[in-house]
Amino acid sequence: MDEMEEELKCPVCGSFYREPIILPCSHNICLACARNILVQTPDAESPQSSRASGSGVSDYDYLDLDKMSLYSEADSGYGSYGGFVSAPTTPCQKSPNGVRVFPPTVPQPQQQHLLPHPGSLTPIPRNSCITCPQCHRSLILDDRGLRGFPKNRVLEGVVDRYQQSKAAALKCQLCEKSPKEATVMCEQCDVFYCDPCRLRCHPPRGPLAKHRLVPPAQGRISRRASPRKISTCTEHELENLSMYCVQCKMPVCYQCLEEGKHGTHEVKALGAMWKLHKGQLSQALNGLSDRATEAKEFLVQLKNMVQHIQENGVEFEACLVAQCDALIDALNRRKAQLLSQVNKEHEHKLKVVRDQISHCTVKLRQTTGLMEYCLEVIKENDPSGFLQISDALIRRVHMTESQWGKGTLTPRMTSDFDLTLDSGPLLQTIHQLDFVQMKVPAAPMLQLEECCTQNNSATLSWKQPPLSTIAVDGYILELDDGNGGPFREVYVGTETICTVDGLHFNSTYKSRVKAFNASGVGQYSKTLIMQTSEIAWFTFDPASAHPDIIFSNDNLTVSCNSYDDRVVLGNTAFSRGVHYWEMTVDRYDNHPDPAFGIARSDVLKDVMLGKDDKAWAMYVDNNRSWFMHNNSHTNRTDGGITKGATIGVLLDFTRGILIFLVNDEQQGPVAFEGLEGAYYPAISLNRNVQVTLHTGLPIPDFYTPGEADPTGSVC
């Protein structure tokens, strides 16, 4: 019931409707609000004089009638109220519901032609205009003013009942002391129950099981349904509305039919139309109720999605934090390893320099001692004693000096560290760190409306689910062998539609498709079962025919421009089932001998059919016929062909045989047996013959599948 409240509020004042009237656009408005949004327009008879009456007239004091588009009475069905016009460009305000409200115009003294309005102390100016606050269509009022709009008594009654239902809580009618608040109302019993009384006095079994229990508020509304009121005509206030004008779509009285504009219109009884429209509304509500039910289920689905998104978001965030923490831990471990390497280099450099300092200090002490000793020796005045040791001292000084030679006073280690950390690739990798697609695609959806079979070809179409955002690199289409065998791949690629040719006729195929990406292969779609054509329809194939063959009649008729025999094949191959086709001789000159039969795709095209081992044929002239394969002639049979003759070819793979007919009669015994594989219909002819192909024919009545008897005839 709370959802209905917005339907019961005026779009102008935002409160519950009070004395609602119906505008021609079918929207409702309070009568008082309608008076407040009236806009005065100039006199329709002299719009120019009104515009020139003075500059003090504001832009919204009139509507430019020259630019208004008025509907006719027949168009609107509300001719008595005036016509719709485009909304005036007047300053507007906002109602509590947020719709535009045009303010009332301050009428000019020379433009006031006042009309009294019932129930109002303020007269309504003549030529007033009202604009619907919802659709913004404007309407010029006639002499009746707002009286010309019908009152919406139904809406007024619903508002009254709704407000009453909200007034106070309903009490149980069966409680003996201190009645409890009612929880349900039985529409059949017309009694309000609390839960204990309902279980005690209205158990859901027996005849009471069929009673309809509704919420108390709804029960109160139905209980307080207003009695039917007799409505009076707005134009003839003393007449009751008793008929309904179908053309104007409004109730009318008898006086309207006799004197008014509805006299020539189709009218029906008001009660009958009331019941008819109630039924139509109920039927429309059924469909709307179904949509509302679907919307509620959809909202539940969306709310569940919100919960799943939150759960998945928390889980994904935790996974991301764990992965980043793992990267940070790995970086810290590597940092420790690199610091250890730097410390080793640091200790090594210090050790080398300290060793060199120690060595150089000892040697310098020795050198300094020698130098001081030599200086003291030089101070002695004993020549003989000096000469005794001078040679040895000179040698020691030179030897000590040589020990301070090149490289002795050069540092053995530099103070710089020859290590450079190459962090560029790692920083680039960190900057490139991003999310990648790690899920396989969802199962594709076969589009059944686009999947079909034609002849021995099948076309399949599919798409990804609408909500799937997983990347797809391609699709794999699989079909079985048409005989319940295993599936096999027939297409791998990025397209979403594929036509498979060369299937067996009169066979049932199962098909399915799956998608793949860098992460792997997704699930299969649902399996689709398709039936190929029971009867073959085909034509001659220009692509594989000898160049001397001439085609016409949509490739159903062939002739030749050479005196030599030339071969042409059909565009469909057969490998399973029973097939029959015919060819009629349209032209037959000079007694040639055309050949009819079947062949492999690589048969020779410039010799008579049957000359090589790739064709099985019957060649025939005007008197007799022969069967021929690999240039071997067998089974000469009397009876030839003429213009208009019909040659039939019956290929039965269930028995592996080939039979020929001439003019609906079998020509000779079974021509060939043991046929397996794929064969094309074929014919060879020269310029003296023209033949037309007929396909899609049923199997001849004389032929019954079975075993061939020793005589070669068909059982």
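Everything that follows concerns the structure shown earlier in this document.
Thresholds, definitions, all that
- Residues numbered from 1 in each chain as written.
- Predicted model: local features only at pLDDT ≥ 70, side-chain atom pairs only at ≥ 80, totals over all residues.
- Heavy atoms only, no water.
- Helix = DSSP H or I, 4+ residues; strand = E, 2+ residues; numbered from the N terminus.
- Buried < 20%, exposed > 50% of the residue type's maximum accessible area, 1.4 Å probe, protein only.
- Contact = heavy atoms within 4.5 Å.
- Areas by Shrake-Rupley, 256 points an atom, 1.4 Å probe, with all protein chains shown as cover.
- Core = buried A, V, L, I, M, F, W, Y, C linked by side-chain atoms within 4.5 Å.
- Expected span 1.5 Å × (residues − 1).
- Bend = angle between axes of the 7 residues up to and from the residue.
- Pairing = 2+ DSSP bridges.
- Salt bridge = Lys/Arg side-chain N within 4 Å of Asp/Glu carboxyl O.
- Disulfide = S-S within 2.5 Å.
- Phe/Tyr/Trp six-rings, centres within 6.5 Å; stacked < 30°, edge-to-face > 60°.
- Lys NZ or Arg CZ within 6 Å of the ring centre and 35° of its normal.
- Polar contact = N/O pair within 3.5 Å; in protein donor to acceptor, adjacent residues only side chain to side chain.
- Axes fitted to C-alpha atoms, helices over the stretch in contact; angles between N-to-C directions.
- Patch = residues over 30% accessible without salt bridge, like charges linked within 9 Å, V, L, I, M, F, W, Y side chains within 5 Å.

Undergrad: Please clarify how the overall build of the chain should be interpreted in this entry.
TA: Check the secondary structure of the chain and you find ten helices and 38 strands. Looking at the chain as a whole, 37% of its 715 residues qualify as buried. The contacts in the chain between residues at least 6 apart in sequence include a share of 59% that link residues at least 24 apart. Surface exposure of the chain reaches about 42700 Å², of which carbon and sulfur atoms provide 53%.

Undergrad: Whenever I open this one, the nonpolar core confuses me. Can you help?
TA: Note that soluble globular proteins tend to have their nonpolar side chains buried in a common cluster. Core analysis: the biggest nonpolar cluster contains 38 residues, and Trp581, Met583 and Leu658 have the highest contact counts within it. The element contributing the most residues to this core is strand E29 (residues 578-588), with four residues. With sequence-adjacent residues up to four places away left out, Leu658 is seen in contact with Ile598, Trp616, Val649, Leu650, Leu651, Val670, Ala671, Phe672 and Leu675. Listed in part, the 23 residues of the second largest apolar core include Cys10, Cys33, Ile130 and Val159.

Undergrad: It is not clear to me how helix H9 (residues 383-403) should be interpreted in this structure. Could you clarify?
TA: One full turn of an α-helix is made of 3.6 residues, so residues set three or four places apart face in the same direction. Here H9 spans 29 Å end to end across 21 residues, near enough to the 30 Å set by a 1.5 Å rise per residue. Maximum bend of H9: about 40°, positioned at Ser390. Packing partners of the buried residues in H9 comprise helix H8 (270-378).

Undergrad: Could you clarify how one ought to interpret the sheet that holds strand E13 (residues 213-214) in this entry?
TA: Paired through their backbone hydrogen bonds, the strands of a sheet run either parallel or antiparallel. The strand order across the open sheet formed by three strands is E12-E11-E13, and the pairing between neighbours is antiparallel. In this open sheet, the two edge strands, each paired with only one partner strand, are strand E12 (191-193) and E13. Bridge count for strand E11 (residues 184-186) against E13 is two bridges, and the pairing is antiparallel. Note on E13: the bridge partner recorded for Met185 is Val214.

Undergrad: Explain the pattern of salt bridges here, please?
TA: Pairing between side chains becomes possible if they bear opposite charge and their charged atoms approach one another. By the definition in use, this model includes 13 salt bridges. Across the pair Glu376 and Lys379 runs a salt bridge whose closest N-O atoms are separated by 3.4 Å. Given the relative accessible area of 44%, Glu376 is considered partly exposed. Overall, the relative accessible area of 58% leaves Lys379 in the exposed class. Within this structure, Glu478, Arg512 and Lys514 form a network of salt bridges that share partners.

Undergrad: What is the right way to read the state of the cysteines from this model?
TA: Two cysteines whose sulfur atoms are joined by a covalent bond form what is called a disulfide. Taken as a whole and judged by the stated rule, the model has zero disulfides. You can see Cys10 has no disulfide; the closest cysteine sulfur is in Cys30, sitting 3.7 Å from it.

Undergrad: Looking at this model, I keep getting lost on the packing of aromatic side chains. Mind explaining?
TA: The description of an aromatic ring pair rests on the distance of the ring centres and on the angle between the ring planes. The tally for this structure, following the rule as stated, stands at 13 aromatic pairs. Taken together, a centroid distance of 5.8 Å and an interplanar angle of 65° make the contact between Trp462 and Tyr475 edge-to-face. Pair noted here: Trp462 is in strand E19 (residues 457-463) and Tyr475 is in strand E20 (residues 474-479), with a separation of 13 residues, a long-range link. Given a relative accessible area of 1%, Trp462 falls into the buried group. According to the relative accessible area criterion, Tyr475 is buried, its value standing at 8%. The ring centre of Phe487 lies 3.9 Å from the NZ or CZ of Arg512, which sits over that ring. The ring of Tyr563 carries Arg687 above its face, with NZ or CZ at 4.6 Å from the centroid.

Undergrad: How should I be thinking about the environment of Ser511 in this particular structure?
TA: Along the polypeptide, Ser511 turns up in strand E23 (residues 508-517). Sequence separation between Ser511 and Arg488 is 23 residues; the distance between their C-alpha atoms is 9.5 Å. In contact with Ser511, not counting residues within four places along its chain, are Leu460, Glu478, Leu479, Phe487, Lys526, Thr527, Leu528 and Met530.

Undergrad: Would you explain the side chain of Gln667 in this entry?
TA: Inspection of the secondary structure assignment puts Gln667 in the loop between strand E36 (665-666) and strand E37 (680-685). Taking relative accessible area as the criterion, Gln667 reaches 7% and is therefore assigned buried. A polar side-chain atom of Gln667 sits 3.0 Å from the main-chain carbonyl oxygen of Gly639.

Undergrad: Looking at this model, I keep getting lost on H8. Mind explaining?
TA: In a regular helix each residue adds 1.5 Å, so 109 residues correspond to 162 Å; H8 covers 154 Å between its end C-alpha atoms and thus fits that length. Looking at H8, one finds that the buried residues are Met273, Lys349, Val352, Gln356, Lys363, Thr367, Leu370, Cys374 and Val377. Those residues of H8 that are buried are in contact with strand E14 (243-245), strand E16 (267-269) and H9.

Undergrad: I would appreciate a short explanation of the sheet that holds strand E32 (residues 624-629) in the present structure.
TA: Pairing is antiparallel in the open sheet, where six strands are placed in the order E28-E37-E30-E31-E32-E33. Both outer strands of the open sheet, strand E28 (566-569) and strand E33 (632-638), are each paired with one neighbouring strand and no more. Recorded for the sheet is a direction-independent mean angle of 20° between the axes of neighbouring strands.

Undergrad: In this structure, what is going on with the pairing of strand E34 (residues 646-652)? I would like to understand it.
TA: Looking down a regular strand, the side chains alternate between one sheet face and the other. Burial within E34 is extensive, with seven of its seven residues counted as buried. Burial along E34 is two-sided: Thr646, Gly648, Leu650 and Asp652 facing one way and Ile647, Val649 and Leu651 facing the other are all buried. Pairing of E29 with E34 involves seven bridges; the strand directions are antiparallel. Residue pairing in the sheet places Trp581 in a bridge with Val649 of E34. Bridge count between E34 and strand E35 (residues 657-662): six bridges; the pairing is antiparallel. Following the sheet pairing, Asp652 is matched in E35 by Ile657. Count of turn residues in the E34/E35 antiparallel hairpin: four residues, of which Gly656 carries a positive phi of about 70°.

Undergrad: Please explain a nonpolar patch on the surface as it appears in this structure.
TA: Taken together, the side chains of Phe298, Leu299, Leu302, Met305 and Ile309 make up a nonpolar region of the molecular surface, amounting to roughly 450 Å² of accessible area. With respect to the secondary-structure elements, Ile309 resides in helix H8.

Undergrad: I tried to follow the side chain of His265 on my own but got confused; where do I start?
TA: Of note, His265 is situated in the loop between helix H7 (254-259) and E16. Setting aside chain neighbours within four positions, we find His265 in contact with Cys245, Gln247 and Cys248.

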